[in-house]
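# A look at the structure
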Amino acid sequence: MLILLAAIFLLHIACICLLLAATIHNAWWMTDTMSTDIWSRWILTPAGNWNYTDIPALYPKEYLQAVQASSVLACIFCILGLFVFVAQLYTLPKGKRFLFTGAFQLLAWLCIMIAASIYTEIFHKDKDPGWYGASFILAWISVCLTFISCITYFVLRKKTA
């Protein structure tokens, strides 16, 4: 059981790291001379320097704010879930231990799924040639990992009852 709890703890830490990297790093949409994230845009100058610029005004602000808020909420819920996981190990009886942690992971999964889905559907359709960057891919990987973590907590709760 200790090895299982350690593996779940490491999965949870991996989810947190991926969510933070996807939210903070500036590589959601890229071209050869530009890198855009959900907060700003970086443009490569002819001198070889990256200059910070604001997100273009043509981006729909409501959708961009929804992506930003959902990404941040996913990080917050996942981090809170880790604290609740540790607290539940020592405070709750068997059978009730991982219900709250699973709920926090479910909320984190829902938030990052909303953020990645909105970004996929609304932004960069019919744009100049470019590709989705590493942060966008990390966001979708964290969707999968937080869902697996959520299901694991709910299944583990049932097995220990």
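This structure is a prediction, so every number in the text was calculated from the model and none was measured. (Residues numbered from 1 in each chain as written. Predicted model: local features only at pLDDT ≥ 70, side-chain atom pairs only at ≥ 80, totals over all residues. Heavy atoms only, no water.)

Our focus in this paragraph is the overall build of the chain. Counting its regular elements, the chain contains four helices and five strands. In terms of overall dimensions, the chain has C-alpha extents of about 60 × 30 × 20 Å along its principal axes. For the chain, buried positions account for 40% of its 161 residues. A fraction of 66% describes how many contacts in the chain between residues 6 or more apart in sequence connect residues 24 or more apart. (Helix = DSSP H or I, 4+ residues; strand = E, 2+ residues; numbered from the N terminus. Buried < 20%, exposed > 50% of the residue type's maximum accessible area, 1.4 Å probe, protein only. Contact = heavy atoms within 4.5 Å.)

Following the UniProt record, one finds the feature "transmembrane region" (unreviewed entry) at residues 66–86, 98–119 and 131–156. Segment residues 98–119 splits into 95% helix and 0% strand. End C-alpha atoms: 31 Å apart. Measuring from the first to the last C-alpha atom of residues 131–156 gives 39 Å, for a span that is 88% helix and 8% strand. (UniProt positions renumbered as here; feature names shortened; annotations may be inferred.)

Val67, Ile112 and Tyr119 are the most contacted members of the largest nonpolar core, which has 28 residues in total. Broken down by secondary-structure element, the contributors of at least two residues to this core are α1 (2–24), α2 (61–91), α3 (99–122) and α4 (134–159). Sequence-distant contacts of Ile112, defined by excluding residues within four places in its chain, comprise Leu19, Ser70, Ser71, Ala74, Ala139, Ser142, Val143 and Thr146. Of all hydrophobic cores here, the second largest spans six residues; its members include Ile8, Phe85, Phe98 and Tyr153. (Core = buried A, V, L, I, M, F, W, Y, C linked by side-chain atoms within 4.5 Å.)

Relative to the helices and strands, Leu64 is located in helix α2. Using a relative accessible area of 6% as the deciding quantity, one classes Leu64 as buried. If we skip the residues at most four places from it in the chain, Leu64 touches Ile38, Ile55 and Phe123.

Two elements in contact, α1 and α2, have axes whose closest approach is 9 Å; the angle formed by their N-to-C orientations is 160°. By the angle class used here, α1 and α2 are roughly antiparallel. As for how α1 packs across α2, the hand of that crossing is left-handed. Residue-level contacts link Leu5, Ile8, Phe9, His12, Ile13, Cys15, Ile16, Leu19, Leu20 and Thr23 of α1 to Ser71, Val72, Ala74, Cys75, Cys78, Ile79, Gly81, Leu82, Phe85, Val86 and Leu89 of α2. Partitioned by chemical class, the residues of the contact of α1 with α2 number 17 nonpolar, four polar and no charged. (Axes fitted to C-alpha atoms, helices over the stretch in contact; angles between N-to-C directions. Parallel < 35°, antiparallel > 145°, perpendicular 65-115°, else oblique. Left-handed = near helix turned anticlockwise from the far one by under 90°. Nonpolar A, V, L, I, M, F, W, Y, C, P; charged D, E, K, R; others polar.)

When a strand is regular, its side chains alternate between the sheet's two faces. Examined bridge by bridge, strand β2 (residues 34–36) and strand β3 (residues 41–44) share three bridges and lie antiparallel to one another. Of the residues in β3, the one forming a bridge with Met34 is Ile43. Counting the residues between successive antiparallel strands, the hairpin from β2 to β3 contains four residues. Sheet analysis places β3 next to strand β4 (residues 50–53), joined by four bridges and oriented antiparallel. What sits directly across from Trp42, in β4, is Tyr52. Counted along the chain from β3 to the antiparallel partner β4, the turn is five residues long, and its residue Gly48 has a positive phi close to 95°. (Pairing = 2+ DSSP bridges.)

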